[in-house]
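Geometric and topological summary
Listed below are the residues making up each chain.
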Amino acid sequence: AQALLANIASSYAVYHGPIGLRDIAGRIARLQRILVAGLKAGGVAVTDATRFDTVTIPVADADATLKAGVAAGMNLRRVS
């Protein structure tokens, strides 16, 4: 299974090339910064916003938040 993932990742890199990968990474990082800025402007506490593509938000009821977010089509995971 990991060999397949490695082959797909390498094919993706070859297809897009170094400039394409840099552009994709820049877009993802920019969107993450926009999201963090919007959340903070709305009064949401954001922790560990220095990651490339991840935003961590402390919530009172993680299980309910996760369930509602996944039901709405969001890509969420619980972090302990």
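It should be noted that the structure appears before, not after, this text.
What counts and how
- Residues numbered from 1 in each chain as written.
- Predicted model: local features only at pLDDT ≥ 70, side-chain atom pairs only at ≥ 80, totals over all residues.
- Heavy atoms only, no water.
- Helix = DSSP H or I, 4+ residues; strand = E, 2+ residues; numbered from the N terminus.
- Rg over C-alpha atoms; globule rule 2.2 N^0.38 Å.
- Buried < 20%, exposed > 50% of the residue type's maximum accessible area, 1.4 Å probe, protein only.
- Areas by Shrake-Rupley, 256 points an atom, 1.4 Å probe, with all protein chains shown as cover.
- Expected span 1.5 Å × (residues − 1).
- Bend = angle between axes of the 7 residues up to and from the residue.
- Contact = heavy atoms within 4.5 Å.
- Patch = residues over 30% accessible without salt bridge, like charges linked within 9 Å, V, L, I, M, F, W, Y side chains within 5 Å.
- Salt bridge = Lys/Arg side-chain N within 4 Å of Asp/Glu carboxyl O.

Let us look at the overall build of the chain. Counting secondary structure elements, the chain contains two helices and zero strands. Expected size for 80 residues packed as a compact globule is a radius of gyration near 12 Å; at 16 Å, the chain overshoots this value by more than 25%. Expressed as a percentage of the 80 residues in the chain, the buried residues total 11%. As presented, the chain carries roughly 6,500 Å² of accessible surface, and 62% of it is formed by carbon and sulfur atoms.

Because an α-helix completes one turn every 3.6 residues, residues spaced three or four positions apart along the sequence face the same direction. Helix length check: helix α1 (residues 2-41) (40 residues) gives 40 Å between terminal C-alpha atoms against 58 Å at 1.5 Å per residue, more than 12% under. Maximum bend of α1: about 100°, positioned at G17, with proline P18 one to four residues after it. For α1, the full list of buried residues reads G17, G20, A29, Q32, V36 and L39. Among the residues trailing α1, G43 stands out with phi positive, at a value near 85°.

Attention now goes to the environment of L21. Along the polypeptide, L21 turns up in helix α1. Look past the residues within four positions of L21 in its chain and what remains in contact with it is Y12, A13 and H16.

Right, let's talk about the side chain of Q32 for a bit. Mapped onto the elements of the fold, Q32 is located in helix α1. For Q32, the contacting residues outside a window of four places in its chain are A49, R51, F52, D53, T54 and V55.

Let us now look at a nonpolar patch on the surface. A surface patch of nonpolar side chains, about 200 Å² in accessible area, is lined by V44, I57 and V59. With respect to the helices and strands, V44 occurs in the loop between α1 and α2 (62-71).

We now examine the environment of V36. Topologically, V36 is positioned in helix α1. For V36, a relative accessible area of 8% puts it in the buried group. Once you skip the residues sitting within four places of it in the chain, V36 turns out to touch V46, A49 and V55.

Moving on, we get to the environment of F52. In this fold, F52 is placed in the loop between α1 and α2. Here F52 falls in the partly exposed class, since its relative accessible area comes to 43%. Separated by 22 residues in sequence, F52 and R30 have C-alpha atoms that sit 9.2 Å apart. If near-sequence neighbours (up to four positions away) are discounted, F52 is found in contact with A25, I28, A29 and Q32.

Honestly, it's all geometry; don't read function into it.
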